[in-house]
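# Commentary on secondary and tertiary structure
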Amino acid sequence: MRNVLVRPLITEKMNDLSEAKGKYGFIVDVKANKIEIAKAIKEKFNVDVVDVNTIKRKGKTKTQFTRKGRFEGKTPTYKKAIVTLKEGQTIDMFGEV
């Protein structure tokens, strides 16, 4: 079985959403669907998932000009998932005790 959850998405906007509306963001596997994402969140954090929204971001081509010539590279394609939890449930992203 592949690892569906890659890492949590920790930004100021996601922190505001998690505090106000109980929504949490994750970077997930590009091939994962909403059902697999919901199951992975439920297993890992033991919470009830109400809704999953996904956004797929395509990688961009970047060019850098140097003395030696031109270098081209590509940023990776990734998928974000914004998960809404049941009212009153939370996920501790930072593991504070």
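## Some thoughts on the overall build of the protein chain
- Tallying secondary structure elements over the protein chain gives two helices and six strands in all.
- The N-to-C order of helical and strand elements in the protein chain reads β-α-β-α-β-β-β-β.
- Relative to its length of 97 residues, the protein chain is extended, with a C-alpha radius of gyration of 17 Å against a globular reference of 13 Å.
- Viewed in the frame of its principal axes, the protein chain has a C-alpha envelope of about 55 × 30 × 25 Å.
- Per-residue burial over the protein chain gives 28% buried out of 97 residues.

## Looking at the pairing of strand 5 (residues 69–74)
- Among the six residues that make up strand 5, zero are buried, leaving the element largely open to the surroundings.
- Relative to strand 5, strand 4 (residues 61–66) runs antiparallel, the two sharing six bridges. Considered in strand 5, the bridge of T66 is made with G69.
- Count of turn residues in the strand 4/strand 5 antiparallel hairpin: two residues.

## Describing the side chain of T84
- Take T84: it is sitting in strand 6 (residues 78–85).
- Apart from residues no more than four positions distant in its own chain, T84 is found in contact with G22, K23, D48, V49, V50 and D51.

## Remarks on the nonpolar core
- Of all hydrophobic cores here, the largest spans 15 residues; its most connected members are F26, I37, I41 and I91.
- Of all the secondary-structure elements, those providing two or more residues to this core are strand 2 (23–28), helix 2 (34–45) and strand 6.
- Not counting the four nearest positions on each side in its chain, F26 is found in contact with L5, R7, P8, L9, I41, F45, K79, K80, A81, V83, I91 and M93.

Criteria and thresholds
- Residues numbered from 1 in each chain as written.
- Predicted model: local features only at pLDDT ≥ 70, side-chain atom pairs only at ≥ 80, totals over all residues.
- Heavy atoms only, no water.
- Helix = DSSP H or I, 4+ residues; strand = E, 2+ residues; numbered from the N terminus.
- Rg over C-alpha atoms; globule rule 2.2 N^0.38 Å.
- Buried < 20%, exposed > 50% of the residue type's maximum accessible area, 1.4 Å probe, protein only.
- Pairing = 2+ DSSP bridges.
- Contact = heavy atoms within 4.5 Å.
- Core = buried A, V, L, I, M, F, W, Y, C linked by side-chain atoms within 4.5 Å.

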